[in-house]
Every structure is written in structure tokens, then in C-alpha cells.
Amino acid sequence: MEENTNNLEKYQEHYSDDGFWEKLKKFAVKAGQEVVYNSLLLYYALKAETTSSKDKVKILGALGYLILPLDLIPDGIPIAGFSDDLAALVFIVGAVAQSITPQIKLQAAEKLKEWF
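Residues numbered from 1 in each chain as written. Predicted model: local features only at pLDDT ≥ 70, side-chain atom pairs only at ≥ 80, totals over all residues. Heavy atoms only, no water.

Novice: An account of the side chain of Asp55 is needed here, citing residue identities and associated values.
Specialist: Along the chain, Asp55 falls in helix α4 (residues 53-67). For Asp55, a relative accessible area of 3% translates into the label buried. Engagement of the side chain of Asp55 in a polar contact is seen with the side chain of Gln98, the distance being 2.6 Å. In this structure Asp55 touches Ala95, Val96, Gln98 and Ser99, once residues within four positions along its chain are discounted. (Helix = DSSP H or I, 4+ residues; strand = E, 2+ residues; numbered from the N terminus. Buried < 20%, exposed > 50% of the residue type's maximum accessible area, 1.4 Å probe, protein only. Polar contact = N/O pair within 3.5 Å; in protein donor to acceptor, adjacent residues only side chain to side chain. Contact = heavy atoms within 4.5 Å.)

Below, the structure is given as C-alpha cells:
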């Protein structure tokens, strides 16, 4: 598990708030609710003061990977395009689960309702 986390850390330089929201707004429907919800969980955990620096590095890696236009499976491929993004997001959500509070889950669920 640690090796997979380290692999994602190289993507953190691709993260920006603007890039995150732009990607989600552009591809939310195509990516699907599961990708969007997990992305939002990580985004709100990243912004939480209670999230450790170690967890924030993991989150930045996963969100950077999501934003990166060139990844293992190009996002433009129907159905499969976001499967690698979802795998990375779910993996990191599990790795930082202790940082995802009920309040963060509520924020993510409310934003998801706005879009779907």
C-alpha cells in the first residue's frame, strides 16, 4: 500500500483548486457520481484543518492524478476512461479515512446533489 501511495505523490504538482473544479464541472456527468463523490470527499478533507500533513500529501497526489489530462486510461474513452481515476480516488479515500469526518461526508453529499 505504501508503494502505491508514493506513486501517487508524484502527481501532487498537478493539483490546483481551479484545475480541480474545472475538471469536475467539465466531466462530472461523464465521470459519474462515484468519481465525483470520492473527489469531493478528498477535496473537503484537503481543506479541513484537522487533516494531517501526511494525509494531505496523499490527497494532493490523487487529486493531481485526476486533473492530469494524460493518465493510464485517457478520460475520453467511454466507460473505461475514468476507471483508473476512480481506483486512485477510492484507494486514497481508504488510506485517509480517519480524516474524512461526518461533516466532510455531508459537504460532499450536498455538492453532489447540486450536480446530479
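Novice: Now, about the packing of helix α3 (residues 33-47) against helix α5 (residues 83-95): what can you tell me, with residues and values included?
Specialist: The N-to-C vectors of α3 and α5 enclose an angle of 40°; their axes lie 9 Å apart at closest approach. In this view, α3 runs oblique relative to α5, as classed from their interaxial angle. When the axes of α3 and α5 are compared, the crossing they make is left-handed. Residues Glu34, Val35, Asn38, Ser39, Leu41 and Leu42 of α3 pack against Leu86, Leu89, Val90, Ile92 and Val93 of α5. Residues of the contact of α3 with α5, tallied by class, amount to eight nonpolar, two polar and one charged. (Axes fitted to C-alpha atoms, helices over the stretch in contact; angles between N-to-C directions. Parallel < 35°, antiparallel > 145°, perpendicular 65-115°, else oblique. Left-handed = near helix turned anticlockwise from the far one by under 90°. Nonpolar A, V, L, I, M, F, W, Y, C, P; charged D, E, K, R; others polar.)

Novice: Go over the environment of Phe20 with me, naming the residues and quoting the values.
Specialist: Along the chain, Phe20 turns up in helix α2 (residues 17-31). Other than its neighbours up to four places away in sequence, Phe20 contacts Tyr15, Ser39, Leu40, Tyr43, Leu63, Leu66 and Ile67.

Novice: Can you lay out the pattern of salt bridges for me, pointing to particular residues and giving the numbers?
Specialist: One pass over the full model with this rule turns up three salt bridges. A salt bridge links Lys47 to Asp17; its shortest N-O distance comes to 2.9 Å. With Lys47 in helix α3 and Asp17 in helix α2, this pair connects stretches of sequence that are 30 residues apart. Under the relative-accessibility criterion, Lys47 is labelled partly exposed at 42%. Note on Asp17: relative accessible area 28%, which makes it partly exposed. Put simply, Glu114 and Lys111 hold a salt bridge, and the shortest N to O gap is 3.3 Å. You can see Glu114 and its partner Lys111 sitting in helix α6 (residues 102-115), three residues apart, about one turn around the helix. (Salt bridge = Lys/Arg side-chain N within 4 Å of Asp/Glu carboxyl O.)

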